[in-house]
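What the coordinates show
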Amino acid sequence: MADFSLPPELPREPEVLIESPRFSVVKRRADGGVDFISPLPCPYNYGCIPGLGSGDGDPLDVVVLGPRLRRGERLRVPVVGVIAFLDAGCADPKVICSARPLRPVDRVGLETFFRVYALFKRVLHFARGRRGADTRFLGWLPDVTPPSA
């Protein structure tokens, strides 16, 4: 099983860099280049925490709940949960940040999104020649995410 331990220096309210605003179809890499164009818009602001690495070698991924933010915007937002996600066999946790507590509807929406995202990523890995790479949503990290209300 992949190691989903988070960097010990992950603050409760990290500085987040928005790479793909809510409703964007463009998924960017950490260097700003285009990783892929999605057939569906992303319902969340997607970005990273610069300076903190993930199991896949990229900066730690972040989803910011709330209204659409600008690409390149940097802001501090509290961590409200973390999703365990496996991408091509590597631990690739998704830090969930929000100015308000995580609600049950948020949890269901994020779980659904990352299950569909995993299917899309499997097809993308296959197309890129990375056949058999295990990519899937694994659930919430309980030591970081409060139990559902």
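Now for a description of the structure that goes with this document. Every value quoted in this text rests on a predicted model; they were computed, and no experiment measured them. Each chain carries its own residue numbering, running from 1 in the direction its sequence is written. Given that the model is predicted, a residue must reach a pLDDT of at least 70 before its local features are reported, and side-chain atom pairs must reach 80 or more before they are shown or counted; all residues, however, enter totals for whole chains, interfaces and linings. Values reported for side chains reflect all heavy atoms of the structure, with hydrogen atoms and water molecules removed beforehand.

Salt bridges, as used here, are contacts in which a Lys or Arg side-chain nitrogen is within 4 Å of a carboxyl oxygen on Asp or Glu. Applying the stated criterion across every chain yields a total of 8 salt bridges. Among the ionic pairs, D92 bridges to K94, the shortest N-O distance being 2.9 Å. Between D106 and R100 there is a salt bridge whose closest N-O contact spans 2.7 Å. The exposure class assigned to D106 is buried, which follows from its relative accessible area of 9%. The network of salt bridges with shared partners includes D61, D92 and K94. Any residue under 20% of the maximum accessible area for its type is buried, any over 50% is exposed, and the rest in between are partly exposed; the area is computed with a 1.4 Å probe on protein chains only.

Note on ring pairs: Phe, Tyr and Trp rings are taken, using the six-membered ring of Trp, and paired if centres are within 6.5 Å. Classes follow the plane angle, with under 30 degrees stacked, over 60 edge-to-face and the rest tilted. Scanning the model with the defined rule gives 7 aromatic pairs in all. Arranged with centres 4.9 Å apart and planes meeting at 80°, the rings of F113 and F114 form a pair that is edge-to-face. Here F113 and F114 have matching classes, each one buried. Ring centres of F113 and Y117 lie 5.7 Å apart, and the angle between their planes is 20°; this geometry places the pair in the stacked category. Placement of the pair is F113 and Y117 together in helix α1 (residues 104–127), with a separation of 4 residues, close to one helical turn. With respect to burial, F113 and Y117 carry one shared label: buried. Clustering of aromatic rings is evident, with ring pairs tying together Y44, Y46, F85, F113, F114 and Y117. Geometrically, a charge over a ring is one whose NZ (Lys) or CZ (Arg) sits within 6 Å of the ring centre while staying within 35 degrees of the ring normal. Sitting over the ring of W140, R107 keeps its end group 4.9 Å from the ring centre. The helix and strand labels rest on DSSP assignments: H or I over at least four residues marks a helix, E over at least two residues marks a strand, and numbering proceeds from the N terminus.

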